[in-house]
Amino acid sequence: MSKTESGKKLETVCVQGTYEPKNSEPRVIPIYQSTTYKYDSSEHLGDLFDLKAPGHMYTRISNPTVEYVENHIAALEGGVGAMLVSSGQAASFLSVFNITAAGQNFISLTSIYGGTVNLFSVTMKRMGIECRFVLSGMTDEEIDALFDENTRLVFGETLSNPGLAVLDIERFAAIAHRHGVPLIVDNTFPTPVLCRPFEFGADIVTHSTTKYMDGHASVVGGVIVDSGNFDWTRGGKYPELSTPDESYHGVVYTESFGKSAYITKARTQLLRDFGCIQQPITAFMLNEGLESLALRMERHSENALKLAEFLEKQEKVGWVNYPGLPSSDQYTLAQKYLPRGCSGVIAFGVKGGRKAAMKFMDACRLAAIVVHVADARTCVLHPASTTHRQLTDKQLEESGIGADLVRMSVGIEHIDDIIADVEQALSKI
Ligand SMILES: *Cc1c(COP(=O)(O)O)cnc(C)c1O
């Protein structure tokens, strides 16, 4: 497995993070359940407010427990800094809003999480920010034609939820960079254990930590990680970063914070104003998930591949979509970007359509019906009868989610028990 910037392997950074307790201090990160901090002098506090001295002012801006977990995730992704937020949705929104304003636009792949599609196409539109959607099958020329002088970034998802499309990160980074804008990648499904998008040219990474990072379906959260690689001063395209911020005593982020300009602005301006912070107790629970992340991702991927191979051989299964299968049209991209595994999420079609799929779901015993993916327990979802039930079969087909589609999030139980459950459920159809 790849090395991190510290020289240590990723598994080691998962377990140990960057926390180094001093003599007789707690071995495990303490939960600093405090909104408030105390100072020896008003001058020191003044320096904090001017962003001249490091330290904490108020938990809506930063907190020691939260900061520890931010550093842990930044180390895993290989970034210069990270900011934890209240949810994956908050991470997606702030990552884009940090460098966009009314009258501007950005480019996004269509193969992204449905909640993000709503955020980009409905809610942000009401703010005057336009999202221009592109398909990965479009040519570079077709995508280039959508850029203008107000285009601010490109957004995509490493492994899309629920379509399982693999993003060609190098290609989209090249497209973004030749237009002088950054590539933001939602890396929720792979996590840094299976893919580190900065190594392929992405500039900013976001996560819904609610999924594999927590891994126990316990806490909702999100994070934004800054690679520090994008030059925000070039061409004066991002004045919000390279000219004085009137809401912050005229600080110029690129001058005062260099490589950390983007993530510092996100914190001091957007967390301050929107207040969508991650609580210290949540960050602590998330950190417990991070410690076992490498082991879990390995098992999730191994189990999912075995189940996908089993499903491919079943009479009653029409098709199987898993990027780790050689039969998948995503296989070549997966070999490049996800060589260590493709996570635990599988989609497959049951012959007999909607009725057969629902029968299958109801017959599952080990796999629970839940509206969630990516935690330790195997679960199933039938989008056509739940999350997408407003759509007709024809509309479902058009959005790539057939009435027969079952999404399975393969857990870390023993594979024999998972396969036995799927086998008996298929026999009930
Ligand atoms: C779930 C999810 C989100 C939204 O995250 P929440 O924590 O539920 O707000 C964003 N992106 C992806 C890929 C997701 O799976």
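Residues numbered from 1 in each chain as written. Predicted model: local features only at pLDDT ≥ 70, side-chain atom pairs only at ≥ 80, totals over all residues. Heavy atoms only, no water.

Structural notes on the packing of aromatic side chains
If you walk through the whole model with that rule in mind, you get 14 aromatic pairs. Between F200 and Y337 the ring centres are 4.7 Å apart and the planes differ by 70°, which places this aromatic pair in the edge-to-face class. In this pair, F200 sits in the loop between α8 (191-194) and β6 (204-208) while Y337 sits in helix α14 (residues 331-337), placing the two residues 137 residues apart along the sequence. For the pair formed by F200 and Y337, the shared burial category is buried. A connected cluster of aromatic rings, assembled from ring pairs, spans F230, W232, Y238 and Y262. Positioned above the aromatic ring of Y113 is the side chain of K211, whose terminal nitrogen or guanidinium carbon lies 5.1 Å from the ring centre. (Phe/Tyr/Trp six-rings, centres within 6.5 Å; stacked < 30°, edge-to-face > 60°. Helix = DSSP H or I, 4+ residues; strand = E, 2+ residues; numbered from the N terminus. Buried < 20%, exposed > 50% of the residue type's maximum accessible area, 1.4 Å probe, protein only. Lys NZ or Arg CZ within 6 Å of the ring centre and 35° of its normal.)

Observations regarding the state of the cysteines
Following the criterion strictly, the structure yields zero disulfides and no others. Unpaired in this structure, C379 has its nearest cysteine sulfur neighbour in C364, at a distance of 11 Å. (Disulfide = S-S within 2.5 Å.)

Some details on helix α4 (residues 88-97)
With eight of 10 residues buried, α4 lies mostly within the body of the structure. Inspection of α4 places G88, A90, A91, S92, F93, L94, S95 and V96 among the buried residues, and these make up the whole buried set. The N-cap of α4, judged by a side-chain oxygen 3.4 Å from the amide nitrogen of Q89 a few residues on, is S87. (Polar contact = N/O pair within 3.5 Å; in protein donor to acceptor, adjacent residues only side chain to side chain.)

Topic: the domain arrangement of the protein
Here the domain parsing of the protein yields domain 1 (10-289) and domain 2 (296-427). Placing the centre of domain 1 and that of domain 2 at their C-alpha centroids yields a distance of 30 Å. Taken together, the 29 residues of domain 1 in the interface contact 29 residues of domain 2. Surface buried jointly by domain 1 and domain 2 totals about 2,400 Å² across both partners, of which 62% is contributed by carbon and sulfur atoms. (Domains from an automatic or database assignment. Contact = heavy atoms within 4.5 Å. Buried area = accessible area lost by both parts, 1.4 Å probe.)

A look at the side chain of H56
Following the sequence through the fold, H56 ends up in the loop between α2 (42-49) and α3 (64-77). Within the structure, H56 has its side chain in polar contact with the side chain of S62 (distance 2.8 Å). A distance of 3.3 Å separates a polar atom in the side chain of H56 from a polar atom in the side chain of E67. Aside from chain neighbours lying at most four places away, what touches H56 is Y37, Y39, L48, S62, N63, P64 and E67.

Examining the nonpolar core
In this structure, L307, L311, I346 and F348 are the most contacted members of the largest nonpolar core, which totals 125 residues. In terms of residue count, helix α13 (residues 293-312) provides more of this core than any other element does, eight residues in total. Viewed by domain, this core spans two of them, domain 1 (10-289) and domain 2 (296-427), each represented by three or more residues. Other than its neighbours up to four places away in sequence, L311 contacts V317, V320, I346, F348, V422 and L426. One finds A384, I401, A403 and L405 within the second-largest nonpolar core, a separate group that totals six residues. (Core = buried A, V, L, I, M, F, W, Y, C linked by side-chain atoms within 4.5 Å.)

Considerations on the sheet that holds strand β5 (residues 183-186)
Across a sheet, strands are paired by hydrogen bonds formed along the backbone, either parallel or antiparallel in direction. In spatial order, the strands read β1-β7-β6-β5-β4-β2-β3; together these seven strands make up an open sheet with mixed pairing. Each of the sheet's edge strands pairs with one partner strand only, and the pair in question is β1 (81-85) and β3 (130-134). Along the sheet, successive strands turn relative to each other by an average axial angle of 20°, direction set aside. Sheet analysis places strand β2 (residues 105-109) next to strand β4 (residues 151-157), joined by three bridges and oriented parallel. (Pairing = 2+ DSSP bridges. Axes fitted to C-alpha atoms, helices over the stretch in contact; angles between N-to-C directions.)

Notes on the sheet that holds strand β12 (residues 405-409)
Spatially, five strands are ordered β8-β9-β12-β11-β10 in an open sheet, and the strand pairing comes out mixed. Every other strand in the sheet has two partners, leaving β8 (317-321) and β10 (368-369) as the edge strands with one partner each. As defined by bridge partners, strand β9 (residues 345-350) adjoins β12 across five bridges and the pair is classed as antiparallel. Bridge pairing in β12 places A347 opposite R407. Sheet strands touched by α13: β8, β9 and β12. Its angle to β9, the strand with the most contacts, is close to 15°. Where helix α15 (residues 353-363) meets the sheet, it contacts β9, β10, β11 (379-381) and β12, and its direction lies at approximately 125° from that of β9.

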